[in-house]
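# Report on the structure
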Amino acid sequence: IARLTPDLIYDQMIAAGCARKLVFSWAGNPGAGSLHAFRRAVEKGTPKLEIEEYSHFGMVSRLSAGAARLPFWTMRNYMGTDLPVANPLIRTVTCPYTGEVLATVPALNPDVTVVHAQRADAQGNTQIWGLLGVQKEAAFASKRVIVVVEELVDESVIRSDPNRTLIPGMIVEAVVVEPWGAHPSYAQGFYDRDNEFYVAWENISRDPARLEAYLQEFVYGVKDRAEYLKRQPGLQERLVAGQQVSAGVNYGY
Amino acid sequence: IARLTPDLIYDQMIAAGCARKLVFSWAGNPGAGSLHAFRRAVEKGTPKLEIEEYSHFGMVSRLSAGAARLPFWTMRNYMGTDLPVANPLIRTVTCPYTGEVLATVPALNPDVTVVHAQRADAQGNTQIWGLLGVQKEAAFASKRVIVVVEELVDESVIRSDPNRTLIPGMIVEAVVVEPWGAHPSYAQGFYDRDNEFYVAWENISRDPARLEAYLQEFVYGVKDRAEYLKRQPGLQERLVAGQQVSAGVNYGY
Amino acid sequence: MMAAVAARELRDGEVTFVGIGLPNLACNLARALHAPNLILIYESGAVGALPERLPVSIGDPSLVTGSLMVCGMADVFQLFLQNGRIEVGFLGGAQVDRYGNINTTVVGSYDKPAVRLPGSGGAAEIAIHAQRVLIISRLSARAFPEKVDFITSPGHRMKGKSRQELGMPGAGPVKVITDKAILESDPDSGELMVTALYPGVTLEDVKANVGWAIKVRRELRPVVTPPSPEELRLLREVLDPDRLFLKG
Amino acid sequence: MMAAVAARELRDGEVTFVGIGLPNLACNLARALHAPNLILIYESGAVGALPERLPVSIGDPSLVTGSLMVCGMADVFQLFLQNGRIEVGFLGGAQVDRYGNINTTVVGSYDKPAVRLPGSGGAAEIAIHAQRVLIISRLSARAFPEKVDFITSPGHRMKGKSRQELGMPGAGPVKVITDKAILESDPDSGELMVTALYPGVTLEDVKANVGWAIKVRRELRPVVTPPSPEELRLLREVLDPDRLFLKG
């Protein structure tokens, strides 16, 4: 599994033994502490977890190469750092014009990419606003793409604002309509980040027994997202987004 | 001067002797014919004009490299074509992972890039919708950026829909507020392409005397854009855009 | 007629890289008939476009309004074309040679051309990356020389090398649709050969308009089916009522 | 106090790459006081952000609402950072060494770490490309070893080589803001040296909390000006009322 910023969902997957190898650039629980399952795996070897580590720019570039179906991507980066020592896949290339030696990373082409988005139509044409991350690059780099959306919309909604489409349906395998599907993270315009849960994770994840109990109750123990939400009363009221709607623009000619 | 698709404005600059060298990938008058001033320059040498030629992908890549401040950009391209023979700046690089030989083009960093956009604020934060071309790459690749807009808007308009901002004010040197500034081309949501003029250009540009007369009347002979428009009565009524306004999206949280 | 014949080459749902002119007519005809889910991509950045009028330029604003996605040109070339997502690419050209190589750059020498043509645009990379390429071009001995003056878009053999030897992802120009006949590439040699004639056209007529001794496929389909009344009606009354691109 | 001192380092209008925590507080304090036109860029893609609350994560939705531009991360790293547009980059770290090298990767060996830290994130490239880097870190002998266990973000000398020799565009960590003193890099050797003390802190106190024999600038400013009442009010009542990042 690969992500720039593996978060507590990744910590859960590591704890549950679902991850053989993690490819990443920053593994922490922002503002709250550590991913303790990840740390136990790396520091103590339980469970066993291979790691392959880059910086953010390196991970972004790996996906950019994958999305462009090139075998590598070039950066001016890594000189003086120990990252190329820790990871021999960080290499160099010589510019055919200036002779300058530049850093390279190999393409990353995931088997499956899961993208969370605000809305898509039934064909998978997907619109995202707010932070875009590397969603476009990851989707185009991937062999298969699954889109999880807050809202399924008619094709006419997509066509009314084509500049917002980040991922075209032609590369999408499946659309999953799952409101609140990004919790404990957020969906701009739908609901806020559940910061309380990120803080709580510090203590849950520190204690393997509590972590296991959490997985039993909220992962293995729920049959779907609706049940997951029902076990957390007040959550939706607490996090639902306010209204700050942009004006439209004229696509006429 | 450099553009993927030098059009009849470039044909005018060539005819007027303003261009020393043209860097391009497609030089024609789409749907209407040729750029005859360009053809006279290349075929007969009047006026003298150097050319440096790529394909569209090559030109896009040159600007991508320039925008990323890398000395070159990599593509899987040009094998079997005569373009690298005609242009020795099209070279190759060997992938440090697969050993594959790939095509490269050198970075293009223009002295000045002129971008036409629908709107910007006084700081130069610029929003564009509809076709985006290589405007973002050209602006970031350039030493200086001039933005020509249909409409100057308050910063709050820009901030109400930040995903539409293509060019940030920090890289913009000057904002020129010039409604109808793209004519004979178009501005999505403002006015249509003046196809009649593109067709008319075929005959104007074929005849050096008519071309010179055109320049006298509509370029040298007008003091500003307002006068240029006044000499073409009915133009604005004929081309003004219809209304096809998109809905807004919620940026709340 | 070329537009109608080209339209029949498109299968429903295919992702098609469209140029202006006849390819655009062909794609929109196919969409109106057997391929309503054709996805049209224009190199200017419109994906899944539904132009309500015949676009004159690939930068026409009518390509934007109502399309599925509009992205920058770097994305068009890197994420769609080089990524291998384009199933069909349409190309035209001033010259097409024995191996399907296309010239849209110069007639004569590059440094002192007799005629300076517009250049590649996106044609070089489309010829390399599209899963298959369809060429549309009127047949004449001048337009079909044995060897083009300049290879803008590679076909099946370039200076003795095959596409595979040169590492090209796409299958190249599998069919050339002319106004007299259909030519297809021989799977072994890569050479273009006559595979079907238009009604009323003789093989001699075709051979006289090709600059080399063109081969003829053994199982030659004698005639291309002429455009149906419905195809003609759509082309003439709906898609190109002003006869911008149609001649007949 | 570190946030207030860091804020004073920022000049109005500067383009600043912001991390979460104290850097974010410092930037928003500067915006509220002497630098209203500071342009904050977060590596998640928000440019010119005006967060109405203290963002806990660099992916906080409050960074988006009302910002000047939101772009993808490829653009953040290629078009802004590598392009040279970032004037100030803030970095923190578990270890900072004699030459300003920072470690946020591992304590101990890479393969069998005693403590696994989060890793680089964007810190490696910020240290290389930002026009100047400000480090914020509490002073302790553990946090300031002579040599870091792992160079995540390069400072002024790495394995004997200078930034210039290694071809790094930015000037690197020009100042380290700690809770006891300010350290600055010697323009010649690149070594960090003490240049100013906080009120009530002695030089011996600083030296005891640094893992090597740190040099002291000849014209040492004796004390850093303590936070003004206005700085304290903004930090405690407006910017971080829940004390998420402030200790005092």
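Everything below is about the structure shown above.
Below: a short report on this structure. (Residues numbered from 1 in each chain as written. Chains lettered and ligands numbered in written order. Predicted model: local features only at pLDDT ≥ 70, side-chain atom pairs only at ≥ 80, totals over all residues. Heavy atoms only, no water.)

## A word on the overall build of chain C
Filter applied, for reference: Secondary structure elements are defined from DSSP: runs of H or I of at least 4 residues count as helices, runs of E of at least 2 residues count as strands, and each element is numbered from the N terminus. Both definitions apply: the radius of gyration is a C-alpha atom measure, and the globule rule equals 2.2 Å times residues to the power 0.38. Note on areas: these come from Shrake-Rupley sampling with a 1.4 Å probe, and a residue is covered only by the protein chains present in the view. In this count, Lys and Arg are taken as positive residues and Asp and Glu as negative ones, while His and the chain termini are left out. In this description, the location of a charge corresponds to atom NZ of lysine, CZ of arginine, CG of aspartate or CD of glutamate.
Helix and strand content of chain C: seven helices and 16 strands. Rg of the C-alpha trace for chain C: 17 Å, near the compact-globule value of 18 Å for 248 residues, within the 12% margin. Once the C-alpha set of chain C is aligned to its principal axes, its extents read approximately 45 × 40 × 35 Å. Put simply, chain C shows about 8900 Å² of open surface, and 52% of that area lies on carbon and sulfur atoms. When the 27 basic and 27 acidic side-chain charges of chain C are each reduced to a single mean position, those positions are 4 Å apart.

## Some points on the overall build of chain A
Operational definition: Under the scheme applied here, a residue whose accessible area is under 20% of the maximum for its type counts as buried, over 50% as exposed, and between as partly exposed, the area being computed with a 1.4 Å probe on protein chains only. Contacts are residue-level and defined by heavy atoms, with any inter-residue pair within 4.5 Å sufficient.
Broken down by element type, chain A carries ten helices and ten strands. Its C-alpha atoms give chain A a radius of gyration of 20 Å, within 12% of the compact-globule value 18 Å for 253 residues. Its C-alpha atoms put chain A at 60 × 60 × 30 Å along the principal axes. Considering chain A as a whole, with its 253 residues, one finds that 59% of them fall into the buried category. Here the analysis covers contacts within chain A between residues at least 6 apart in sequence; of these, 69% occur between residues at least 24 apart.

## Some words on the interface of chain C and chain A
By a widespread convention, an interface's size corresponds to the accessible area lost as its parts come together. Note the following rule: Put simply, a salt bridge is a Lys or Arg side-chain nitrogen that is within 4 Å of an Asp or Glu carboxyl oxygen. Within 3.5 Å is the distance limit for a polar contact, defined as a pair of N or O atoms, with the added protein rule that one can donate a hydrogen and the other accept it, and that residues adjacent in sequence qualify only through two side-chain atoms.
Counting from both sides, the interface comprises 24 residues of chain C and, opposite them, 24 residues of chain A. Inspection of the chain C/chain A interface yields one salt bridge. Taking the shortest distance from any N to any O, the salt bridge between Asp75(C) and Lys136(A) comes out at 2.7 Å. Where chain C meets chain A, there are nine residue pairs in polar contact (both at pLDDT 80 or more). Looking at the side of chain C that touches chain A element by element, the count peaks at four residues for helix 3 (residues 73-81) of chain C.

## Observations concerning the side chain of Arg76(A)
Along the polypeptide, Arg76(A) turns up in the loop between strand 3 (72-75) and helix 4 (83-86). For Arg76(A), a relative accessible area of 14% gives the class buried. In this structure, Arg76(A) is in contact with Glu100(A), Leu102(A), Arg69(B), Leu70(B), Pro71(B), Gln82(D), His129(D) and Pro169(D), ignoring residues within four places of it in sequence.

## Description of the state of the cysteines
Threshold: Two cysteine sulfurs form what is called a disulfide whenever their separation falls within 2.5 Å.
Across all of its chains, the model carries zero disulfides over all chains by this definition. Between Cys27(C), a cysteine without a disulfide, and Cys71(C), which holds the nearest cysteine sulfur, the sulfur-to-sulfur distance is 17 Å. Residue classification places Cys27(C) among the buried residues on the basis of a relative accessible area of 0%. The thiol of Cys71(C) is unpaired, and the distance to the nearest cysteine sulfur, on Cys71(D), comes to 16 Å.

## Some points on the nonpolar core
Under the convention used in this document: Side-chain atoms within 4.5 Å are what join buried Ala, Val, Leu, Ile, Met, Phe, Trp, Tyr and Cys residues into a set we call a nonpolar core.
Formed by 254 residues in total, the largest nonpolar core has its most connected members in Leu25(C), Phe80(C), Leu25(D), Phe80(D) and Leu183(D). Discounting chain neighbours no more than four positions away, the residues touching Leu25(C) are Ala3(C), Leu54(C), Leu235(C), Leu239(C), Asp240(C), Phe245(C) and Leu246(C).

## Remarks on the pattern of salt bridges
Summed over all chains, the structure comprises 58 salt bridges over all chains. Notably, a salt bridge pairs Arg164(A) with Asp161(A), separated by 3.2 Å at the nearest N-O pair. Residues participating in the shared-partner salt-bridge network are Asp161(A), Arg164(A), Asp161(B) and Arg164(B).

## Observations regarding the pairing of strand 6 (residues 112-120) of chain A
Residues and elements named next belong to chain A. Note the following rule: Between any two strands, pairing holds if DSSP finds at least two bridges.
In the sheet, strand 6 pairs with strand 8 (residues 144-152) via eight bridges, with the strands oriented parallel. Within the sheet, the bridge partner assigned to Val 114 lies in strand 8 and is Ile 146. Relative to strand 7 (residues 126-127), strand 6 runs antiparallel, the two being bridged by two bridges. Each residue of the ladder has a partner; that of Ala 120, found in strand 7, is Thr 126. What sits between the antiparallel neighbours strand 6 and strand 7 is a turn of five residues, in which Gly 124 has the positive phi angle 95°.

## Focus: the sheet that holds strand 5 (residues 101-106) of chain A
Residue and element names in this part refer to chain A. For clarity, the threshold we go by: To get an axis, fit a line to the C-alpha atoms, keeping to the stretch in contact for a helix; angles then go from 0 to 180 degrees between the N-to-C directions.
On the basis of which strands lie adjacent, the open sheet formed by three strands has the order 3-5-4 and antiparallel pairing. Strands with a single pairing partner mark the edges of an open sheet, and in this sheet they are strand 3 and strand 4 (91-94). The sheet shows a mean angle of 45° between the axes of neighbouring strands, direction not considered. Contacts between helix 3 (residues 56-67) and the sheet are confined to strand 3 and strand 5, with strand 3 contributing the most and set at about 140° to the helix.

## Concerning the packing of helix 1 (residues 8-15) of chain B against helix 7 (residues 195-206) of chain B
Residue and element names in this part refer to chain B. Applied cut-off: An angle counts as roughly parallel when it lies under 35 degrees, as roughly antiparallel when it exceeds 145, as roughly perpendicular when it falls between 65 and 115, and as oblique in every other case. Each crossing is labelled by how the near helix is turned from the far one, with a counterclockwise turn of less than a right angle marking it left-handed and a clockwise turn marking it right-handed. Here the term charged refers only to Asp, Glu, Lys and Arg, the term nonpolar to Ala, Val, Leu, Ile, Met, Phe, Trp, Tyr, Cys and Pro, and the term polar to all other amino acids, Gly among them.
Helix 7 packs onto helix 1 with a crossing angle of 25° between their chain directions and a minimal axis gap of 11 Å. Compared by their axis directions, helix 1 and helix 7 come out roughly parallel. The handedness of the crossing between helix 1 and helix 7 is left-handed. Within the contact between the two elements, helix 1 uses Leu 8, Asp 11 and Gln 12 and helix 7 uses Phe 197, Tyr 198, Trp 201 and Ser 205. Across the contact of helix 1 with helix 7, the residue classes break down as four nonpolar, two polar and one charged.

## What to know about helix 7 (residues 229-239) of chain C
Residue and element names in this part refer to chain C. Rule in force here: What the arc covers is the set of directions going from the helix axis to the C-beta atoms.
Along helix 7, the positions that sit buried rather than exposed are Glu 231, Leu 234, Leu 235 and Leu 239. Viewed end-on, helix 7 has its buried residues packed into an arc of 90°, placing them on one side of the element. The exposed residues of helix 7 that point more than 90 degrees off its buried face are Pro 229 and Glu 237. The inward-facing, buried residues of helix 7 contact helix 1 (2-8) and helix 2 (22-32).

## Overview of the interface of chain B and chain A
Here is the rule: The buried area of a pairing is the accessible area, by a 1.4 Å probe, that goes missing from both parts when the two are put together, added over both.
At the junction of the two partners, chain B supplies 47 residues and chain A supplies 47 residues. Roughly 4100 Å² of surface becomes buried between chain B and chain A when both sides are summed, with 56% attributable to carbon and sulfur atoms. The interface formed by chain B and chain A holds two salt bridges in total. The tally of links between chain B and chain A comes to 34 residue pairs in polar contact (both at pLDDT 80 or more). Secondary-structure elements contributing two or more residues to the side of chain B that touches chain A are strand 3 (72-75), strand 4 (91-94) and strand 5 (101-106) of chain B. In terms of residue class, the side of chain B that touches chain A is built from 22 nonpolar, 17 polar and eight charged.

## Considerations on the relation of the copies chain B and chain A
What counts, and what does not: The copies were overlaid with a least-squares fit restricted to C-alpha atoms from residues scoring a pLDDT of at least 70 in each copy.
At an RMSD of 0.0 Å, chain B and chain A line up after a rotation of 180° and a shift of 0.0 Å along the axis. Here the two chains are linked by the operation of a two-fold rotation axis. Judged by C-alpha distance, Gly248(B) is the residue of chain B that lies nearest the rotation axis, at 2.3 Å. Taken together, the interface assignments show that 100% of the residues at the interface of chain B recur at the interface of chain A, consistent with an identical surface on both copies.

## So, the sheet that holds strand 7 of chain A
Taken in spatial order, the five strands line up as 9-7-6-8-10 (chain A) in an open sheet, and their pairing is mixed. Where the open sheet ends on each side, the last strands, each with one partner, are strand 9 (165-167) and strand 10 (174-177) of chain A.

## Points about the arrangement of the chains
Counting contacts across all five pairs of chains that touch, the top-ranked interface belongs to chains A and B. What separates chain C from chain D at the closest point of their C-alpha atoms is a distance of 12 Å, and the two make no contact.

## Overview of helix 8 (residues 208-220) of chain B
Among the residues of helix 8 of chain B, those classed as buried are Leu211(B), Tyr214(B), Leu215(B) and Phe218(B). For helix 8 of chain B, the side-chain oxygen to backbone nitrogen distance between the N-cap and Ala209(B) is 2.9 Å, and the N-cap itself is Asp207(B).

## Details of the side chain of Arg85(C)
If you trace the backbone, Arg85(C) turns up in the loop between helix 3 and strand 5 (88-91). Salt bridges are absent for the buried Arg85(C), whose nearest opposite-charge side chain, Glu173(A), sits at 8.2 Å.

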